[in-house]
Amino acid sequence: MSATVFHAEVGVSDEKQAAAKSARRRFGALVVRLGAIAAFAAIMAYFVIFAPGFTSTFNLINVVEQSAILGVLAYGMTAVIIGGGSNVTEGGIDLSIAANMGLCAAVYATLLSMGYGDFLSVIAAIAVGMAVGALNAVAVVGLGILPLLATLAVLNVAAGMELTLTQNTVVGASSPLLGLLVSGSFLGISALAWALIVFSAIMIVVVHGTSFGLRLYAVGGHPEAARAAGISVPFYVSFTYVLSGFCAAVASILTVSRLSASTPGSGELLLSVLAAALLGTVFSRRFVPTMGGTLLSVLFIGLLANGFQLLNVSSYWVNGVQGALILLVVAITSFARGSEGSR
Amino acid sequence: MTRSMKGLVKALALGLAAACSLAAVSGATAEELSLKGKRIGVSAIGTDHYWDLMAFKGIQDRVKELGGEVIALDAGRKDQQQIAQLQTLIAQKPDAIIEQLGNLEVLNPWLQKIRDAGIPLFTVDTATPHAINNTTSNNYNIGAEIALQMVADMGGKGNVLVFNGFYSVPVCKIRYDQLKYVLTSFPDVKIVEPELRDVIPNTVQSAYSNVTDMLTKSPEKGSIGAVWACWDVPQIGATQAVEAAGRNEVKTYGIDGSPEVIKMVMDPKSSAGAVAAQQPYEIGKTSVDNAAKYLAGQKVPPFTFVPSVLINKENAAEKGKPFLDAAEKAGVK
């Protein structure tokens, strides 16, 4: 709202100046963006040449498998950023997503260990995930709290509930569904890798191939215009948080399958999820988050850890490089948005 | 000398000679151990604790000493990351893998995959049927010794606060079970329910606030006699909490022997009652020796115990120093 008022008051000559400035910025941003992509490509090329076994099918499928959980979470985060706008401080963000996954995993593993079947346990995990998402939606849309703060609070709620449920212990779990996810494979590709492939396809089609997705971008990019066009902004924004909760629940099932248990410490994934969603923006010309971009950056993060290990470079470097790339991307994004971003 | 006595002497002499030659043989092989041209994968769940870091360092140093190449992987306390690292490690086909600590429930299916891939697996402080050898301290002894020391200091009666957050970690399970077993003989020593949960990270802070809360809950002096934890980082927080609350009748007990805890036990005024000090650096090195022996075609036992020492208020000055010196020598605080 304040933005539209501000724009209306800006004089004509100011606007011209601003246009010239933004054109310069845009060109500069393009250069930096291509530079970032080139850096990505260079790192990959280096791995292809020097990391033994990097390009083997077996290794690449491993990486897809290792990226499945991060990928599903990052899609949830991406949806929230698309719907809430990508302004880092005021836009959409879901800091609770990783903790939510931990809670769903705890619910799922606990129910399984109590003897409830897969069907009931999966439904319960998904219900819990979406309920946490709905709580975010109420806080952000209903109460108008900044997403950064609202979801931070919900993060603590979810983490606290997980601790209460598991007493911070490892809850072992096994079930037919988990067995299938662990050892199932089709066309030589493991079930976990398929999970990422299918989930990615659905997300890309829904967000980039339907009018629903188009409206979602409208809501995030220009809420006022979207409202004027008759789109229910609160509904779309709420939807993204519930979707994010759903993603957390799906990821929780994948996590339990991979670890044969629910374990404490899921919250640690948050940084990687944010990194994936933010890094993904460099693959878009307008620096907006896209599902395809997120997929690429999720795979990039996975390949980075994998390549370093194959090169026998300390895993400590992965965090550093990841952090440096986030800094670079955030810098580019704010640079590209210029005056708009600093409003 | 009767014939039978002659026979006995002969037998003894033969036995002695055999023992000597055996010793000579094993001495020689120890020197000849080599990992030249071998790649050894090392996976640790984390290195944020003194014990973990020393063992991890011991493994790496010894592999390099024996001329091998190390692929060292620290999962930073993240199960997901450790699993991903193990998965990639299997694809790298090292000559052997040494795995150090972690949640057994999470690890076991992946340790199985390591064996399925035909890679010899050795573990440090992690008892699993999939490992060829597990090198560790004798945790059965440690658990009983520290429990008995605690019971003795308490005069055979009183209440104990117990941290039991890591029952899924095999060594903690053994030590906790041993504590329970010892207490069956001392019915007047009671564990306060519900038990406390130690956590990683923020172990010290969390233990401090847990113990402070419990002391506030039981304000009469003597209502709590001791605090027990299966490792010594919660013991640090517990000791600080006891001292801050002025409840010096409460003594704390833990296991591992981090330098700062040994110093606490050495300090006569500190509430740290005792700590079972292990030799993590030696444990790491020994696991590598076992791997090297196995790769050289020698037989390796399913487990190797590296000696540990119970350091209490009486012997701390004498027994504590070598451990502090070893820590200093390894360059780890």
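Residues numbered from 1 in each chain as written. Chains lettered and ligands numbered in written order. Predicted model: local features only at pLDDT ≥ 70, side-chain atom pairs only at ≥ 80, totals over all residues. Heavy atoms only, no water.

Q: Whenever I open this one, the overall build of chain B confuses me. Can you help?
A: Helices and strands together make up the secondary structure of chain B, namely 11 helices and 12 strands. By the compact-globule yardstick of 20 Å for 333 residues, chain B fits well, its C-alpha radius of gyration being 22 Å. Across chain B, the fraction of contacts at a sequence separation of at least 24, relative to all contacts at a separation of at least 6, is 73%. Of the roughly 14400 Å² that chain B leaves accessible, carbon and sulfur atoms contribute 58%. Across chain B, the 34 positively charged side chains and the 35 negatively charged ones have centroids separated by 6 Å. (Helix = DSSP H or I, 4+ residues; strand = E, 2+ residues; numbered from the N terminus. Rg over C-alpha atoms; globule rule 2.2 N^0.38 Å. Contact = heavy atoms within 4.5 Å. Areas by Shrake-Rupley, 256 points an atom, 1.4 Å probe, with all protein chains shown as cover. Lys, Arg positive; Asp, Glu negative; His and termini not counted. Charge placed at Lys NZ, Arg CZ, Asp CG, Glu CD.)

Q: What am I meant to see in the domain arrangement of chain B here?
A: Residue and element names in this part refer to chain B. Per the domain assignment, the segments making up chain B are domain 1 (35–136 + 281–301) and domain 2 (139–277 + 310–329). Put simply, the middle of domain 1 and the middle of domain 2, counted by C-alpha atoms, are 29 Å apart. Contacts between domain 1 and domain 2 engage 14 residues on the former and 16 residues on the latter. At the boundary of domain 1 with domain 2, total buried surface from both sides reaches about 1000 Å², with 61% on carbon and sulfur atoms. Taken as a group, His49, Tyr50 and Asp125 account for 42% of the area that domain 1 buries against domain 2, more than any other trio of residues on that side. (Domains from an automatic or database assignment. Buried area = accessible area lost by both parts, 1.4 Å probe.)

Q: How should the interface of chain B and chain A be read in this particular structure?
A: Interface size is commonly expressed as the accessible surface area that is lost when the partners come together. Contact with chain B, which involves 30 residues of that partner, is made by 26 residues of chain A. In this assembly, chain B packs against chain A so that about 2300 Å² is buried in total across both faces, 45% of it on carbon and sulfur atoms. Contact with chain A buries surface across chain B, with Gln80, Gln87 and Thr88 of chain B losing the most and accounting together for 25% of the total. Counting the contacts that link chain B with chain A gives zero salt bridges. Counting the contacts that link chain B with chain A gives 15 residue pairs in polar contact (both at pLDDT 80 or more). Where the side of chain B that touches chain A is concerned, the elements lending two or more residues are β2 (69–74), α3 (79–92) and α4 (104–116) of chain B. Looking at the side of chain B that touches chain A element by element, the count peaks at 11 residues for α3 of chain B. Class assignment of the residues belonging to the side of chain B that touches chain A gives a composition of 12 nonpolar, 10 polar and eight charged. (Salt bridge = Lys/Arg side-chain N within 4 Å of Asp/Glu carboxyl O. Polar contact = N/O pair within 3.5 Å; in protein donor to acceptor, adjacent residues only side chain to side chain. Nonpolar A, V, L, I, M, F, W, Y, C, P; charged D, E, K, R; others polar.)

Q: I keep staring at the pattern of salt bridges and nothing clicks. Help me out?
A: Pairs can form between side chains of opposite charge whenever their charged atoms are close. All names here are of chain B. As enumerated under the stated definition, the model contains 11 salt bridges over all chains in all. The partner of Arg62 in a salt bridge is Asp289, and the shortest N-O contact between them spans 2.6 Å. In this pair, Arg62 sits in helix α2 (residues 50–65) while Asp289 sits in helix α10 (residues 280–295), placing the two residues 227 residues apart along the sequence. Of the two residues examined, Arg62 and Asp289, each falls in the buried class. Between Glu249 and Arg247 there is a salt bridge, with its nearest N and O atoms 3.0 Å apart. For Arg247, a relative accessible area of 6% corresponds to the buried category. Beyond isolated ion pairs, a larger network of salt bridges with shared partners links Asp48, Asp52 and Arg77. (Buried < 20%, exposed > 50% of the residue type's maximum accessible area, 1.4 Å probe, protein only.)

Q: How do you make sense of a nonpolar patch on the surface when you look at a structure like this?
A: Residues and elements named next belong to chain A. A contiguous nonpolar patch, built from Phe27, Leu30, Val31, Val32, Leu34 and Leu328 and spanning about 520 Å² of accessible area, is present on the exposed surface. With five residues, the top contributor of residues to the nonpolar patch is helix α2 (residues 12–50). Here Leu34 shows up in helix α2. (Patch = residues over 30% accessible without salt bridge, like charges linked within 9 Å, V, L, I, M, F, W, Y side chains within 5 Å.)

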